[in-house]
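Listed below, chain by chain, are the residues.
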Amino acid sequence: MQGHRLLGGVLAFVGGIALSCNGSSDDGGGGGGGACIPGQQFACDCLDGGQGVQVCDISGDSLGPCTCDGATGGGDGATEGDTEFGTADGSGTGDGLCGNTFPDPGECDEQSPDYCPEDCGGLDGGTMDTGTGGEGSCSDLPTYVAMVPSVASRWESGALTGFGAGEAMCQMAAAAAGVPNSTDVTVCNYQQVVQAEMAGEFAAVAPGTTAWLHRLTVANIGATPTQPGLGGRCVDWTYSTNHISDGEFVDFPGGGAVNYNLDADTFYDGVDTTHSQPGLLECGSQMRAILCCNPICDSSG
């Protein structure tokens, strides 16, 4: 199984995002109010000379510390001892996201191997109840709520590009569909798609529809676990050709079923062209839908 590591080539693709983070500031990359998109990732320098990743915090005001392979922090405000793989107590599957202050998929599920209590604090006081039952609980809300049809692998909405543009389009689609709290709606991730399929929420999706898959967690291809990565997400939806990155997707054969087309090699460094699969998981030549979901809020999963 190939390890997941984000490398510096991603910086070349995020320059067009109007609301960008400055990953080289003295305070660890933070910017003034609304400096970056929550969960957005940026490359940074590690003490060992390698490349790590910084993630925009849930407030969108600043970047988290630089996390590096080998538990070594580096430049851009990081400190030695930052951990990339798993949590500080050794729990978690090693998705590299625990400790980024953002509640990534599975991190607020106490039964999940990705459970990360320090990141779940971002859900406290939010607009949606984190409880598992009772009147008004968000567990009563559907996961899948809307679809943005026919979008190229480079997502664009107004001045936004990439994942932030996808969120903006989802919120507009949700508002048009009359979804309550449409400004909370976001792009569905892999775990949400699985959850929505199990709940039968795709029954009305037309057979033959395909949709981009935003995967942030480990998934199995056959019996082999495969890590997520920019090389499977069309470089977080800023990439418009086929030679250096793949685009995972789902297709709908009908009756609410979902076929998952996953990438066993999501490596991306901005240079190596041997990790893409043109003809199978193409980015630039495809137009697919974007699936839109209510945010994860039920700690029972």
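In this report, the structure presented in the accompanying data block is examined. (Residues numbered from 1 in each chain as written. Predicted model: local features only at pLDDT ≥ 70, side-chain atom pairs only at ≥ 80, totals over all residues. Heavy atoms only, no water.)

The geometry of two aromatic rings is summed up by the distance between their centres and the angle between their planes. Under the counting rule described, the total for this entry stands at five aromatic pairs. Plain terms: the ring middles of tryptophan 212 and tryptophan 237 are 5.5 Å apart, the flat faces sit at 50° to each other, and that makes the pair tilted. Taken as a pair, tryptophan 212 in strand 7 (residues 210-212) and tryptophan 237 in helix 4 (residues 234-237) lie far apart in primary sequence, 25 residues in all. Classification of tryptophan 237 by relative accessible area gives buried; the value is 0%. (Phe/Tyr/Trp six-rings, centres within 6.5 Å; stacked < 30°, edge-to-face > 60°. Helix = DSSP H or I, 4+ residues; strand = E, 2+ residues; numbered from the N terminus. Buried < 20%, exposed > 50% of the residue type's maximum accessible area, 1.4 Å probe, protein only.)

Backbone geometry places serine 150, a non-glycine residue, at a positive phi of 50°. Along the chain, serine 150 turns up in strand 3 (residues 144-152). Residue classification places serine 150 among the partly exposed positions, given a relative accessible area of 48%.

Relative to the helices and strands, phenylalanine 163 is located in helix 2 (residues 163-176). Classification of phenylalanine 163 as buried rests on a relative accessible area of 18%. Sequence-distant contacts of phenylalanine 163, that is, excluding residues within four places in its chain, are made with Trp155, Thr186, Val187, His214, Asp236 and Trp237. (Contact = heavy atoms within 4.5 Å.)

Tallied over the full model, the rule gives three disulfides. With a sulfur-sulfur separation of 2.0 Å, cysteine 188 is cross-linked through a disulfide to cysteine 293. Its torsion about the S-S bond being 95°, the disulfide of cysteine 188 and cysteine 293 is classed as right-handed. One end of the pair, cysteine 188, is in the loop between strand 6 (186-187) and helix 3 (190-198); the other, cysteine 293, is in strand 12 (residues 287-293), with 105 residues separating them in the sequence. The partner cysteine of cysteine 234 in its disulfide is cysteine 283, sulfur to sulfur 2.2 Å. With the S-S bond torsion at -100°, the cross-link from cysteine 234 to cysteine 283 turns out left-handed. Of the two residues, cysteine 234 sits in helix 4 while cysteine 283 sits in the loop between strand 11 (257-261) and strand 12, which places them 49 residues apart along the sequence. By relative accessible area, which is 0% here, cysteine 283 ends up buried. (Disulfide = S-S within 2.5 Å.)

All right, on to helix 2 then. Across its 14 residues, helix 2 extends 20 Å between first and last C-alpha, which sits within 8% of the 20 Å expected from 1.5 Å per residue. Among the 14 residues in helix 2, ten count as buried, and that is most of the element. Inspection of helix 2 places Phe163, Gly164, Ala165, Gly166, Glu167, Ala168, Met169, Cys170, Ala173 and Ala174 among the buried residues, and these make up the whole buried set. (Expected span 1.5 Å × (residues − 1).)

Next up on the list: the nonpolar core. Counting residues in hydrophobic clusters, the biggest one holds 27 residues, and the most contacted among them are Val148, Trp155, Cys170, Val185 and Ile290. Of all the secondary structure elements, the ones that give two or more residues to this core are strand 3, helix 2, helix 4 and strand 12. Counting residues per element, this core draws most heavily on helix 2, which supplies seven residues. The residues contacting valine 148, other than those within four sequence positions of it, are Met169, Cys170, Ala173, Arg288, Ala289, Ile290 and Cys292. In terms of nonpolar packing, the next biggest core, distinct from the first, is built from 17 residues, Tyr144, Val205, Val258 and Leu291 among them. (Core = buried A, V, L, I, M, F, W, Y, C linked by side-chain atoms within 4.5 Å.)

One can find histidine 214 in the loop between strand 7 and strand 8 (219-221). Taking relative accessible area as the criterion, histidine 214 reaches 5% and is therefore assigned buried. In terms of polar contacts, histidine 214 uses its side chain to reach the side chain of tryptophan 237, at 2.9 Å. If we skip the residues at most four places from it in the chain, histidine 214 touches Phe163, Val187, Cys188, Asn189, Tyr190, Arg233, Asp236 and Trp237. (Polar contact = N/O pair within 3.5 Å; in protein donor to acceptor, adjacent residues only side chain to side chain.)

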